[in-house]
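Examination of the molecular architecture
So you can see what is in the structure, the chains are spelled out below.
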2 protein chains.
Amino acid sequence: MNTFKCIVSYDGTHYAGSQVQPKHRTIQGELEKALKKIHKGEGIRIHSAGRTDKGVHAKGQVFHFQSSLRMQAHNWERALNTLLPDDMFIEAVEAVADDFHARYDAVEKEYRYYVETSEHYDVFKRQYAYLYPYELHIAAMDEACTYFLGTHDFTTFASAKTSVKGSRIRTLYDVSIEAEGTMLIFTFRGNGFLYNMVRIMVRALLDIGRGKYEATIVPEWLEQKDRRLLGPTAPPQGLYLWGVSYKNADETLKNEADF
Amino acid sequence: MNTFKCIVSYDGTHYAGSQVQPKHRTIQGELEKALKKIHKGEGIRIHSAGRTDKGVHAKGQVFHFQSSLRMQAHNWERALNTLLPDDMFIEAVEAVADDFHARYDAVEKEYRYYVETSEHYDVFKRQYAYLYPYELHIAAMDEACTYFLGTHDFTTFASAKTSVKGSRIRTLYDVSIEAEGTMLIFTFRGNGFLYNMVRIMVRALLDIGRGKYEATIVPEWLEQKDRRLLGPTAPPQGLYLWGVSYKNADETLKNEADF
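All of the points below concern the structure found in this document. (Residues numbered from 1 in each chain as written. Chains lettered and ligands numbered in written order. Predicted model: local features only at pLDDT ≥ 70, side-chain atom pairs only at ≥ 80, totals over all residues. Heavy atoms only, no water.)

**Brief notes about the relation of the copies chain A and chain B**
One chain copy maps onto the other through a rotation about an axis and a shift parallel to that axis. Once turned by 180° and shifted 0.0 Å along the axis, chain A lies on chain B with an RMSD of 0.0 Å. The relationship between the two copies is best expressed as a two-fold rotation axis. Considering only C-alpha atoms, the residue of chain A closest to the rotation axis is Phe124 of chain A, which sits at 5.4 Å. (Least-squares fit on C-alpha atoms with pLDDT ≥ 70 in both.)

Written out as structure tokens, the structure is:
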């Protein structure tokens, strides 16, 4: 068996999410259907770096699978892209060490969240950004971002549905906001994220931007470990899983000459 | 009865086109359904500045309708936008002279066509641009644009389905190409356009950009009045009806104080 690492982008608008659910169109479902065709009916299970919810997009989701087929990376790309629907695209395939795991070996993830602040409703952005037509105090939001940096217990910023088992401690390396015209692009980079964590942080930052809270409330929120302190989770269509990084990326690569 | 002029934008992805067709979701169908609700079941017919095909978008389509209701423009906007689906948006409503007609009074239309030339397939652009991953000779295309300017018989650039009645002579005021990174934005402004004319001109310009023809072939094509000289119509998802202009815009406006 050979192990392959794949990078996939998708427009999440018409998916019930990344993970297989009976009777729903999912990213995993489409990928496994394509792999089954390539393997002439044999079921192939994929493992992704992390789940994305209904309506959430990806520019660089990662998954791995094992196969007895000996194909060059670019042939995998072509075969998969031929079979996948047009709202998914395999960006890259690599042969990796047999014990590579897309979720357990990930050392860093990046998410971006798009907020369109224009007062003008734009039909072309409704599925690709959170349309939030309000004036925001950017300096306060920038200050609030800094309090998220570093290592914290993020219980306050995790969905109540998060598993009670396991640590809620995560380390964030980058939390920042960039403006492109009236569009705000939030970047979050860290060693891991709890369920709905990015979307809840965005809600908190927007509340601060509108003056509902001072930026200095963030450390208090982190301290109190209570999801109920914050408003509703920001909607899914603004969120993009931007990329996933792995340790010693070069070492995990298998020599292409093997194939 | 009062006459109202409306500007509407729409994402054409999930519409069978602008004009009513039985059993299909259309722009006209959605607008008339919303107007019927506002008029408590009374059917209201709308008239648009021109048809757009399945998958074609609009930033500034115009239509008019007549109503016995006395409502301020912003109340019409709010009432319609509340009832319309989220891929349509009423940008503006104006009370106009009773004899205003969205199609017959239009003096100028602008279309834009988006061509993404990147080699990289982008799932987020597939419904909003023509993905055309080829190197193009822009200077040749710019030269070709100039031959379209002015008054010509555009039979070569009209769908064979165009009505045989009526003149095929149109005047173009602007035909130009702008690059934003790897995206090419074609602008066409003229006093009118034949059926599929913009999409056939785009096909011709792309063929010239790839070196299949010299730019100087355009006058010959115009001369020969034969649609069969050209390749297939460029696909709908790159096309946007950008705006429609009317003569003496100020004179056609009714005094808002009347309402």
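Following the structure, the description resumes.
**Quick look at the pattern of salt bridges**
According to the stated counting rule, one finds 28 salt bridges over all chains in the structure shown. One salt bridge connects Lys5 of chain B with Glu94 of chain B, and the closest N-O pair in it is separated by 3.7 Å. Note that Lys5 of chain B is positioned in strand 1 (residues 2-10) and Glu94 of chain B in strand 4 (residues 88-96), a separation of 89 residues in sequence. Here Lys5 of chain B falls in the buried class, since its relative accessible area comes to 12%. With relative accessibility at 29%, the residue Glu94 of chain B sits in the partly exposed group. A salt bridge links Glu30 of chain B to Arg25 of chain B, with the nearest nitrogen and oxygen atoms 3.8 Å apart. Owing to a relative accessible area of 31%, Arg25 of chain B belongs among the partly exposed residues under this scheme. If you follow the salt bridges from partner to partner, you end up with Arg25, Glu30, Lys33 and Asp87 of chain A in one network. (Salt bridge = Lys/Arg side-chain N within 4 Å of Asp/Glu carboxyl O. Helix = DSSP H or I, 4+ residues; strand = E, 2+ residues; numbered from the N terminus. Buried < 20%, exposed > 50% of the residue type's maximum accessible area, 1.4 Å probe, protein only.)

**A look at the packing of aromatic side chains**
Residue and element names in this part refer to chain A. Enumeration over the complete set of coordinates arrives at 38 aromatic pairs over all chains. Summarising the aromatic geometry, the rings of Phe148 and Phe157 are spaced 5.1 Å apart at their centres and angled 80° between planes, so their arrangement reads as edge-to-face. For Phe148, a relative accessible area of 0% puts it in the buried group. Across the ring face of Tyr134, the terminal group of Arg210 is positioned such that the distance to the ring centre comes to 3.6 Å. (Phe/Tyr/Trp six-rings, centres within 6.5 Å; stacked < 30°, edge-to-face > 60°. Lys NZ or Arg CZ within 6 Å of the ring centre and 35° of its normal.)

**Overview of unusual backbone geometry**
Of note in the backbone geometry, Asn196 of chain A takes a positive phi value of approximately 70° without being a glycine. You can see Asn196 of chain A is positioned in the loop between strand 9 (183-190) and helix 4 (197-209).

**Here's the deal with the pairing of strand 1 of chain B**
Residues and elements named next belong to chain B. With 8 of its 9 residues buried, strand 1 lies for the most part within the structure. The sheet contact formed by strand 1 and strand 4 spans 8 bridges and is antiparallel. Note that in strand 4 the partner of Thr3 across the bridge is Val96. (Pairing = 2+ DSSP bridges.)

**Quick word on the interface of chain A and chain B**
Facing the 21 residues of chain A at the interface are 21 residues of chain B. When chain A packs against chain B, the two sides together hide about 1700 Å² of surface, and 58% of this comes from carbon and sulfur. Of all residues in chain A, the largest losses of buried area upon contact with chain B belong to Tyr121, Phe124 and Arg126 of chain A, amounting jointly to 35% of the total for that side. Taken together, chain A and chain B are joined by 4 salt bridges. Between Arg126 of chain A and Asp11 of chain B there is a salt bridge; the shortest N-O distance is 3.0 Å. Taken together, chain A and chain B are joined by 8 residue pairs in polar contact (both at pLDDT 80 or more). Taken together, the elements giving at least two residues each to the side of chain A that touches chain B come down to strand 1 (2-10), strand 3 (57-67) and strand 4 (88-96) of chain A. Class assignment of the residues belonging to the side of chain A that touches chain B gives a composition of 9 nonpolar, 5 polar and 7 charged. (Contact = heavy atoms within 4.5 Å. Buried area = accessible area lost by both parts, 1.4 Å probe. Polar contact = N/O pair within 3.5 Å; in protein donor to acceptor, adjacent residues only side chain to side chain. Nonpolar A, V, L, I, M, F, W, Y, C, P; charged D, E, K, R; others polar.)

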